[in-house]
Amino acid sequence: MFVSDCRREFYELIVTQRVLLLVASDVDALCACKILQALFQCDHVQYTLVPVAGWQELETAFLEHKDQFKYFVLINCGANVDLLEILQPEEDTLFFVCDSHRPINVVNVYNDTQVKLLVKQDDDLDVPAYDDIFRDEEDEEEESEDESDGSEPSEKRRRFEEEVIERTMKRRERREWEARRREILFDYEQYEYHGTSSAMVMFDLAWIMSKDLNDMLWWAIVGLTDQWVQDKITQMKYVTDIGILQRHVSRHNHRNEDEENSLSIDCMRIAFEYDLRLALYQHWSLYESLCNTSYTSASLKLWSVQGQKRLQEFLADMGLPLKQVKQKFNSMDMSLKENLREMIEESANKFGMKDLRVQTFSIHFGFKNKFSASDIVYATTSLMENIEKEGPETTNFIKALDSLSRGNLDKLHQGLDLAKKQLRAIQQTVASCICTNLVISQGPFLYCSLMEGTPDVKLFSKPVSLCLLSKYLLKSFVCSTKNKRCKLLPLVMAAPMDVEQGTVIMVGIPPETESSDKKNFFGRAFEKAAESTNSRTLHNHFEMSMVPFGSLSWKLRMGPSEIILALPKFMVLQFWCILDSLNWSRQENQEKMGQPKNNLRVQEHNGIQVADKVLKLALYVNILKCQQ
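The rules behind each value
Residues numbered from 1 in each chain as written. Predicted model: local features only at pLDDT ≥ 70, side-chain atom pairs only at ≥ 80, totals over all residues. Heavy atoms only, no water. Helix = DSSP H or I, 4+ residues; strand = E, 2+ residues; numbered from the N terminus. Contact = heavy atoms within 4.5 Å. Areas by Shrake-Rupley, 256 points an atom, 1.4 Å probe, with all protein chains shown as cover. Pairing = 2+ DSSP bridges. Axes fitted to C-alpha atoms, helices over the stretch in contact; angles between N-to-C directions. Left-handed = near helix turned anticlockwise from the far one by under 90°. Nonpolar A, V, L, I, M, F, W, Y, C, P; charged D, E, K, R; others polar. Buried < 20%, exposed > 50% of the residue type's maximum accessible area, 1.4 Å probe, protein only. Patch = residues over 30% accessible without salt bridge, like charges linked within 9 Å, V, L, I, M, F, W, Y side chains within 5 Å. Salt bridge = Lys/Arg side-chain N within 4 Å of Asp/Glu carboxyl O. Lys, Arg positive; Asp, Glu negative; His and termini not counted. Charge placed at Lys NZ, Arg CZ, Asp CG, Glu CD. Phe/Tyr/Trp six-rings, centres within 6.5 Å; stacked < 30°, edge-to-face > 60°. Lys NZ or Arg CZ within 6 Å of the ring centre and 35° of its normal.

Okay, the overall build of the chain next. Of regular secondary structure, the chain possesses 27 helices and 17 strands. Look at the contacts in the chain between residues 6 or more apart in sequence, and 72% of them connect residues 24 or more apart. With an accessible surface of roughly 30300 Å², the chain has 48% of that area assigned to carbon and sulfur atoms.

In space, the five strands of this open sheet follow the order β2-β1-β3-β4-β6, with parallel pairing throughout. The open sheet is flanked by β2 (47-52) and β6 (115-117), the only strands paired with a single partner. In this sheet, neighbouring strand axes are inclined to one another by 20 degrees on average, regardless of whether the strands run parallel or antiparallel. Where helix α3 (residues 55-65) meets the sheet, its contacts fall on β1 (19-24), β2, β3 (71-75) and β4 (94-98), and the angle it forms with β2 comes to roughly 155 degrees.

It is worth spelling out the packing of helix α8 (residues 198-208) against helix α10 (residues 235-252) at this point. Contact geometry for α8 and α10: axes closest at 13 Å, N-to-C directions at 35 degrees. Crossing hand, α8 versus α10: left-handed. Residues M200, F203 and W207 of α8 touch α10, and the partners they reach there are D241, I244, L245, H248 and R251. Class assignment of the residues belonging to the contact of α8 with α10 gives a composition of five nonpolar, one polar and two charged.

The subject of this paragraph is unusual backbone geometry. Cis peptide bonds are those with omega within 30 degrees of zero, and the linkage from R102 to P103 qualifies with 0 degrees. Tracing the chain through its elements places P103 in the loop between β5 (101-102) and α5 (106-109). The residue S210 is not glycine, and still its phi comes out positive at about 60 degrees. Structurally, S210 can be placed in the loop between α8 and α9 (214-229). Overall, S210 belongs to the exposed group, its relative accessible area being 63%. Its identity is not glycine, yet N437 carries a phi of approximately 55 degrees, on the positive side. Mapped onto the fold, N437 is located in the loop between α20 (409-435) and β11 (440-441).

Looking now at the sheet that holds strand β9 (residues 357-365). Taken in spatial order, the three strands of this open sheet run β8-β9-β10, and their pairing is antiparallel. Looking at strand neighbours, the two that pair on one side only are β8 (268-276) and β10 (369-372), the edges of this open sheet. In this sheet, adjacent strand axes meet at a mean angle of 30 degrees when their direction is disregarded. Where β8 meets β9, nine bridges bridge the pair, whose relative direction is antiparallel. Bridging across to β9, I270 finds its partner in I363. Those strands touched by α9 are β8, β9 and β10, and its axis lies near 25 degrees from that of β8. The sheet strands contacting helix α17 (residues 340-350) are β8, β9 and β10, and the helix crosses β8 at an angle near 25 degrees.

On the surface, K301, K482, K484 and K487 cluster together into a positively charged patch. Within the secondary structure layout, K482 lies in the loop between α21 (463-480) and β13 (491-498).

Turning our eyes to something else, we now look at the pairing of strand β14 (residues 503-509). Along any regular strand, the residues point their side chains to alternate faces of the sheet. Burial runs high along β14: seven of the seven residues are buried. A two-sided burial pattern is seen for β14, the buried positions comprising T503, I505, V507 and I509 on one face and V504, M506 and G508 on the other. Judged from the seven bridges that link them, β13 and β14 form a sheet pairing that is antiparallel. Bridge pairing in β14 places A495 opposite I505. The loop that links β13 with its antiparallel partner β14 comprises four residues; one of these, G502, has a positive phi angle of about 70 degrees.

A few words on the pattern of salt bridges. Side chains that carry opposite charge are capable of pairing whenever their charged atoms lie near each other. The full count for this structure, using the stated rule, is 20 salt bridges. Across the salt bridge formed by E288 and R424, the nearest N and O atoms sit 3.8 Å from each other. In this pair, E288 is assigned in helix α12 (residues 286-292) and R424 in helix α20, connecting sequence segments 136 residues apart. Taking relative accessible area as the criterion, E288 reaches 27% and is therefore assigned partly exposed. One connected set of salt bridges, linked through shared partners, spans E273, D275, R341 and K370.

The residue L58 is located in helix α3 in this model. In this structure L58 comes out as buried when scored by relative accessible area, which is 0%. In this structure the C-alpha to C-alpha distance between L58 and V23, which are 35 residues apart in sequence, comes to 9.1 Å. Sequence-distant contacts of L58, defined by excluding residues within four places in its chain, comprise L22, V52, L74 and F542.

Burial within β3 is extensive, with four of its five residues counted as buried. Here five bridges tie β3 to β4, and the two strands are oriented parallel to one another. Considered in β4, the bridge of L74 is made with V97.

The next point concerns the packing of aromatic side chains. Going through the model one piece at a time under the given rule, you end up with 17 aromatic pairs. On the numbers, 5.5 Å between centres and 65 degrees between planes, the contact of F272 with F361 is edge-to-face. With a gap of 89 residues between them, F272 in strand β8 and F361 in strand β9 connect regions that are remote in the sequence. Every member of this aromatic cluster is reached through a ring pair, and the members are Y11, F40 and Y47. One Lys or Arg, R18, reaches over the ring of F69 and ends 4.6 Å from the middle of that ring. Here the guanidinium or amino end of K519 rests over the ring plane of Y193, the centre of that ring lying 5.0 Å away.

Shown next as structure tokens:
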């Protein structure tokens, strides 16, 4: 059930109770957790924090604590599955779910007793109506007993025929309702996407209760920036939410000129600004940042010799000496840094990089330390996915959580160093994949597999790092290929997860288009591929488009590519759904694909049957067949 009043229906219920916090391992969840922790500290609420990286850890944590707690708060996990079916809780257990994953499971939406959803009602949820999904079970009809001996046989026969016709009509209506229900549920659940940041939802709660602080506002900003960096939301959604937070920034950080000089040296100030779309450039050299930012690397094609020449021309056009751009940003001449943004933006437009400027926020700790919101995102993510084991499994989570506090700048700087290594590894892997032609076309999608022994392959066994690599690789491949058809295709990426256990992790990325709505259809496609290949999927990640495949596929001597080959049987329908949702006309698609018009033709491509054209009427019929 959706919670309309978070203060009355959520916070006032748990403020006098012992609460268990189950927090997912992503930056947005960490920021929401920090805000809630600050509120709990104000009101002396007793709570226990348990990090959960997937469904298995969520179930284990619930089973271990279900006897001690009756109130559970789930952050960025639990909304898109039937919680009651998975966890099997007692009737007096209450779940409060603050999750940005969409779509929300319909059972959670219409459960009024045990599941409370803390989400923004302004989001375009499109939840199906209750009567279209749920139907009360009809009582079995009792056979009528004939007690009157004087009834005529003809009357009995007539009543029997009427009852048979009535039962037949009810069964037909039931079948039609179930078919319509499957179609509605498929339309609702086929795409995975993200809604409003959980950190923003928690900040709204603090604001409503007049307990919002500057630190809470900064955590909400970082949570939103994490969604933008991970490419989970559209540019329009990002700009809209930036505008909402900008009003709060003006309210919290308003200073007069006289007051500005009287601020203490350890003060905290948040500022809205138009900054450069360059990763960590204020804590790195400008040259390294240009080379390791996905946007500039893909636009200039820096993996090629010609791309390196374009980079030199770009720097020459700005009038920046190599000696200056290759040293740390803080050590550059002040005369160059004063007008650096304007110089880069002017030259970037000449080289086709028109989106190099982005709206964001920065934070100042005193007069020395300045960080942009994206800097915090990269640093926190790297700390959380650090592959160097330094203790228990929760060590990375605790370090990442602590790095968000302004009193732990040493951990934040450690995260920045790890983030630089991560970005270098991603860009080197992208260049290697493109130069060695590892990205291949498998019918209606692109496919790339990292082999054992690939440099930094252990890093890409982590979900966020693999997602960043996949998105950067798809963007770079689209910029490098001359095949117009490949520019409209999604990407499936596979990497070894655990060599000893023989598991492989796969992630699906939707097509790289300007009008993309950031909806991912790979979750359903992976389910069908696993069924058709009899592969053991672990389904442990909260992101449905990311699936670890178990050792059964390796025992059958099936590599990731063989598992992937099963995808087109289902995904080709999804692919044409994407084209339709992007409002491309059928004739334009036929011209781009070189297909004849007004016919349904199936051709053989690489041993896989790929439907060249799927009419909208036949689309749902084929989808229902795949479901069955």
